Amino acid sequence: MELREWQEKLKDKVAKAIKENFLVAINAPTGSGKTIFSLLILKILQKKGVYVVRTHNEYFPIYRDLKKIDTKLRFSFIVGKPASCPFADKDVDPEDINCKYCELKERIREVDTNEKPPLQLLRELKKNAIEERFCPYYSLFNSLQEADVIAITYPYFFIDRFRESLGIDFEDYLVIVDEAHNLDRVGEIEERRLSEFTINMAIKEVKSKEAINTLERIKEELKKIVLPDEKYIKLDKVPQISTLELEILADEYEDLRKRMLENKQIKRIYLGAVIRFYTLLSTGEFAPFSHSGKIVLKNPNIGEYLRILNDESYSFLLMSGTLPPKEYIEKVWGVSRRIYYVDVEKEVKKRISGTYDCIIGIDITSKYDLRSETLWKKYSNYLLKIYYQAKKHVLAIFPSYAMMNEVMKYIDLPKYIEKEDTIIDEVYEEIRKHDKIIISAVGRGKLSEGIELTEQGKSLISDVVIAGIPYPPPDDYLKLVAQKLSEKLNGKEEEFLFKIPALITVKQSIGRAIRGVDDHAKVWLLDKRFDSLWWKKNLNCFNATKMRL
Ligand code: SF4
């Protein structure tokens, strides 16, 4: 197999750094061949590999590239119970499925995980499981032991109890964390939310008067303290629940779980979400915030989840197209071991991905105190202009849902507007109906990172619009994070907690249009604050065209 120039040039250096126990961090753009590169490193080191990725969709490139490199190496993967249990709906919580009531629990079958692409195999296992009487979840678990290359999602590695449940000795593997910029959000895995909607649904599920009364009371108290704002506002108190009340709810939950398995149809149990919320609250490690009409429990100490990166008995390779700088990894993620950081384009001194032209709108800004109806109209006028000149679809990224909805109400063109519960398939369906649409989404939402619109390997997005700098809102959560990190950040809070996260969001959004070496896009930076040295340097936009409407 012919290697690309950067792969050839860097493979031995990276392998050597891993042998010398450095944590290796590789920043290389999308489509540059990072997965193949990491598989090469495994071959050089003669090691087995665990790929830790964000979503199940990312399993396929690992499987595909492994076949290209070496057909003898065995691939396997694990997915959670909601995705693999033949009795469960996809949106259930893993804890809604209580396997102790299931007759298939001990029925493990040998699965050839090398035979077919992972998600196709998973579909077939689920389809045949009931008739052929085996459990896909435990069968896949079993297959991990024999595999040379394993794919898992973030929770299975970064949450101690899940990692331990795999029964894998990670010291024997190279742990490859893909799309590692997402480590910033690793704490979200354990977050719990409580909303009026969840409680109303839970009320419909329970039977006893006591349980109904408890839930009604919690709901009324919740309504008084939550705010609709799309930012985290610290709450001093949350609706309380006594041990006895929690026990009553837990008994009802257990009955529901049992009944659903008996009926062989497991649906999402909202009561479980209420119980998990209070169980997590009782640990004292999570702080309650109001966010968009819900109470959210968040842990401001992400270093706790990432502590494992400092364990020198483990070897790590972090990869991303938008990896934060080394100093950020040390200070914000708390990595104290030696890091070998490779920015591939700098190392090989040339671009290894597609290209883009930058256009900066210098008569507009989304700065909070300047927001008004006039501003929304102006952003919409920009969008119209961009849409009419675009060759393909337009992706417009906004700092918040509120701002996006204000601007998009003026757009009367084929469009898709992201919602909090957007499913990516809806977008694909919409683009099939039109030659050209505006896909509007929020920074750090599902579409700014998750969407991949390509045809024959080329992107179907020709224009990316950044409608205002997508800084994280300066809310109470960020203040708590800043407090925890203040000693390490040493006055660089603005850069580390606002600018770098916003830069990653912008680069990720641009990456939606640059899927391969031949892609070329226009990037419209619609905020005059982009016309600064910091932004132009970090976005490689020194030759940006400036425009006014
Ligand atoms: S099939 Fe049975 S044992 Fe397997 S995940 Fe579903 S409930 Fe659990």
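The numbering scheme is per chain: residues are counted from 1 as the chain's sequence reads. For a predicted model such as this one, the threshold for reporting local features is a pLDDT of at least 70, and the threshold for listing and counting side-chain atom pairs is 80 or more; totals across whole chains, interfaces and linings nevertheless cover every residue.

Peer 1: Outline the overall build of the protein chain, listing residues and values.
Peer 2: Secondary structure elements follow DSSP: runs of H or I of four or more residues count as helices, runs of E of two or more count as strands, with numbering from the N terminus. Within the protein chain one finds 22 helices and 20 strands. Atoms counted for the radius of gyration: C-alpha only. Globule rule: 2.2 Å times residue count to the power 0.38. In terms of overall size, the protein chain behaves like a compact globule, its C-alpha atoms giving a radius of gyration of 24 Å where 549 residues would be expected to give roughly 24 Å. Taking the principal axes of the C-alpha coordinates as reference, the protein chain spans close to 65 × 60 × 55 Å. Here the protein chain holds 549 residues, and 42% of them are scored as buried. A separation threshold of at least 6 residues defines the contact pool for the protein chain, and within that pool the share at least 24 residues apart is 81%. Residue burial is a threshold on neighbouring C-beta atoms within 10 Å of the residue's own C-beta, all placed from the backbone, with 20 or more meaning buried, 12 or fewer meaning exposed, and counts in between meaning partly exposed. Two residues form a contact once the distance between their C-beta atoms, set from the backbone, is within 7 Å.

Peer 1: Provide a residue-level description of the domain arrangement of the protein chain, including the pertinent values.
Peer 2: Per the domain assignment, the segments of the protein chain are domain 1 (5–73 + 148–186 + 302–348), domain 2 (192–298) and domain 3 (355–547). Domain boundaries shown here were taken from an automatic or database domain assignment. Of note, the centres of domain 1 and domain 2, computed from C-alpha atoms alone, are 37 Å apart.

Peer 1: Go over the site of the ligand, please, and point to the residues and values.
Peer 2: A residue counts as near a molecule or strand when its C-beta atom, positioned from the backbone, falls within 6 Å of it. Close to the ligand lie Lys-81, Cys-85, Pro-86, Phe-87, Ile-97, Cys-99, Cys-102, Leu-104, Lys-105, Cys-135, Tyr-137 and Tyr-138, which account for all nearby residues. Under the scheme applied here, ten amino acids are nonpolar (Ala, Val, Leu, Ile, Met, Phe, Trp, Tyr, Cys and Pro), four are charged (Asp, Glu, Lys and Arg), and all others, including Gly, are polar. Across the shell around the ligand, the residue classes tally to 10 nonpolar, no polar and two charged.

Peer 1: Kindly report on helix α16 (residues 373–389), identifying the contributing residues and their values.
Peer 2: One less than the residue count of a helix, multiplied by 1.5 Å, gives the span that helix is expected to have. Given a rise of 1.5 Å per residue, 17 residues ought to cover 24 Å, and the 25 Å separating the end C-alpha atoms of α16 matches this to within 8%. Among all positions of α16, only Tyr-379, Tyr-382, Leu-383, Ile-386 and Tyr-387 are buried. All buried residues of α16 lie within an arc of 135 degrees about the axis, which places them on one face of the element. Along α16, the residues that are exposed and aim more than 90 degrees away from the buried face are Glu-373, Thr-374, Tyr-388 and Gln-389. Along its buried surface, α16 packs onto β12 (355–361), β13 (393–398), α17 (401–408), β15 (438–442), β18 (461–466) and β19 (520–525). The arc in question is formed by the directions pointing from the helix axis toward the C-beta atoms.

Peer 1: Describe the sheet that holds strand β2 (residues 48–53), and please don't skip the residues or the numbers.
Peer 2: The seven strands are arranged β3-β4-β2-β5-β10-β1-β11 in an open sheet whose pairing can be described as parallel. Both edges of this open sheet fall to β3 (75–77) and β11 (339–343), since each of them pairs with a single strand only. Looking at each pair of strands side by side, their axes are set apart by 20 degrees on average, direction ignored. Pairing between two strands requires that DSSP report at least two bridges joining them. Bridge count for strand β5 (residues 173–177) against strand β10 (residues 315–320) is four bridges, and the pairing is parallel. Note on β10: the bridge partner recorded for Val-177 is Leu-318. Lines fitted to the C-alpha atoms define the axes, with helices restricted to the stretch that makes contact. Angles between their N-to-C directions range from 0 to 180 degrees.

Peer 1: I'd like a rundown of helix α9 (residues 196–205), residues and numbers included.
Peer 2: In an α-helix, one turn spans 3.6 residues, which is why side chains three or four residues apart end up on the same side. Listing the buried residues of α9 in full gives Thr-198, Ile-199 and Ala-202. One face of α9 carries all of its buried residues, which in axial projection span an arc of 95 degrees. In α9, the exposed residues that point more than 90 degrees away from the buried face are Phe-197 and Lys-204. Here the buried face of α9 lies against β6 (192–195), α10 (209–225) and α12 (270–281).

Peer 1: Report on the sheet that holds strand β7 (residues 233–234), specifying residues and quantitative values.
Peer 2: The sheet built from four strands is open, its strands ordered β6-β9-β8-β7 with antiparallel pairing. In this open sheet, the two edge strands, each paired with only one partner strand, are β6 and β7. Strand direction decides the pairing type here: β7 and strand β8 (residues 287–291), joined by two bridges, are antiparallel. Within β8, the residue paired with Ile-233 across the bridge is Ser-290. The strands that α12 touches are β6 and β9 (294–298); relative to β6, the one it contacts most, it runs at about 125 degrees. The sheet contacts of helix α20 (residues 476–489) involve β7, β8 and β9, and relative to β8 the element is tilted by about 145 degrees.

Peer 1: Lay out the nonpolar core in plain terms, naming residues and giving numbers.
Peer 2: Counting residues in each nonpolar core, the largest one holds 158 residues, and the members touching the most others are Val-52, Leu-271, Val-274, Leu-317 and Val-465. The dominant element in this core, judged by the number of residues it contributes, is helix α21 (residues 493–511), at eight residues. When neighbours within four sequence positions are excluded, Val-52 is seen to be in contact with Ile-152, Tyr-154, Phe-157, Val-175, Ile-176, Val-177 and Asp-178. For the purposes of this analysis, a nonpolar core is taken to be any set of buried Ala, Val, Leu, Ile, Met, Phe, Trp, Tyr and Cys residues that are connected through C-beta atoms within 7 Å.

Peer 1: Describe in detail the packing of helix α11 (residues 243–262) against α12, supporting the description with residues and values.
Peer 2: The interhelical angle for the contact between α11 and α12, taken along N-to-C directions, is 140 degrees, at an axis separation of 10 Å. By the angle class used here, α11 and α12 are oblique. Of the two elements, α11 crosses α12, and the hand of that crossing is left-handed. From α11, Leu-246, Leu-249, Ala-250, Glu-252, Tyr-253 and Leu-256 reach across to α12, where they touch Leu-271, Gly-272, Val-274, Ile-275 and Tyr-278. Looking at side-chain class alone, the contact of α11 with α12 contains nine nonpolar, one polar and one charged residues. Angle categories: roughly parallel below 35 degrees, roughly antiparallel above 145, roughly perpendicular from 65 to 115, and oblique for all the rest. Each crossing is labelled by how the near helix is turned from the far one, with a counterclockwise turn of less than a right angle marking it left-handed and a clockwise turn marking it right-handed.

Peer 1: Go over the pairing of β8 with me, naming the residues and quoting the values.
Peer 2: Among the five residues in β8, four count as buried, and that is most of the element. With five bridges joining them, β8 and β9 adopt antiparallel strand pairing. Paired with His-291 across the strands is Lys-294, a residue of β9. In this structure, the hairpin formed by β8 and β9 is closed by a connection of two residues, where Ser-292 is found at a positive phi of approximately 45 degrees.

Peer 1: So what's going on with the environment of Asp-160? Which residues, and what values?
Peer 2: For Asp-160, the position within the fold is in helix α8 (residues 160–165). Separated by 154 residues in sequence, Asp-160 and Trp-6 have C-alpha atoms that sit 35 Å apart.

Peer 1: Lay out unusual backbone geometry in plain terms, naming residues and giving numbers.
Peer 2: With phi around 55 degrees, Arg-133 is a residue other than glycine that occupies positive phi space. Not every positive phi belongs to a glycine, and Glu-179 is a case in point at roughly 50 degrees. Locating Glu-179 in the fold gives a position in the loop between β5 and β6.

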